[in-house]
Amino acid sequence: MEEMREWKHRKSSTSSSIPIPNSSSIHSLDDGCLMHIFSFLSPIPDRYNTALVCHRWHYLACHPRLWLRVDRSVKDSSEPGVFPTIEVAVSHARPGDTILIAAGGSHLASNIQIKKPLCLPGSSGKGLDGAVGAPG
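Within any chain, residue numbers begin from 1 and follow the written order of that chain's sequence. Where local features are concerned, this predicted model is filtered to residues with pLDDT of at least 70; where side-chain atom pairs are given and counted, the filter is 80 or more; whole-chain, interface and lining totals use all residues. Side-chain descriptors were evaluated using all non-hydrogen atoms of the structure, hydrogens and water having been removed beforehand.

Explain the overall build of the chain to me, using residue names and the numbers behind them.
Looking only at helices and strands, one finds 5 helices and 3 strands in the chain. Reading the chain from its N terminus to its C terminus gives the helix and strand order α-α-α-α-β-β-α-β. Every residue pair with non-hydrogen atoms within 4.5 Å of one another is taken to be in contact. Taking as baseline every contact in the chain between residues at least 6 positions apart, the subset at least 24 positions apart corresponds to 34%. Computed by Shrake-Rupley with a 1.4 Å probe, the accessible areas treat only the displayed protein chains as cover when residues are assessed. With an accessible surface of roughly 9700 Å², the chain has 58% of that area assigned to carbon and sulfur atoms. In DSSP terms, a helix is any run of H or I states spanning at least four residues, a strand is any run of E spanning at least two, and both are numbered starting from the N terminus.

What follows is the structure, given as structure tokens:
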């Protein structure tokens, strides 16, 4: 019984005295590494929720490299990752990309063939009625 108490005391005193270096924190990772990690998260809700953690994570989780947007009000292509039509966004998308469809107005698209896995949620984050996607 005495040995058991001594073992528990040693275990608790050694486990709490092990220093954890700050370099093991996720906050010490560079932006490129974090963005790569975020790219594996499902866009809605995981990547969206990641953006709520802090300002840095918001910037990285919402970076155009991770999200493509369709916004009919865009007339020029000066903003990276923003496209005026669904067709243009799909043609620029890489497999696994997410294309957000801006709210308001109607986005007419006909005969778009998507031959790569894409996610096309509406701007509400709840997805589109009759959501579009590539065959499995």
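Explain the sheet that holds strand 3 (residues 98–101) to me, using residue names and the numbers behind them.
Pairing between the strands of a sheet is mediated by backbone hydrogen bonds and can be parallel or antiparallel. Pairing in this open sheet of 3 strands is parallel, and the strands run 2-1-3 from one edge to the other. At either margin of the open sheet sits one strand with a lone partner, and together these are strand 2 (82–83) and strand 3. As paired elements, strand 1 (residues 67–70) and strand 3 share 4 bridges and run parallel to each other. The partner of Trp-67 across the bridge, within strand 3, is Thr-98. Axes here refer to lines fitted to C-alpha atoms; in helices the fit is confined to the stretch in contact. Angles between the N-to-C directions go from 0 to 180 degrees. Relative to the sheet, helix 3 (residues 43–50) contacts strand 1 and strand 3, its axis offset from that of strand 1 by approximately 105 degrees. Only strands joined by at least two bridges in the DSSP assignment are considered to pair.

Spatial relationships are all this shows, so hold off on functional conclusions.
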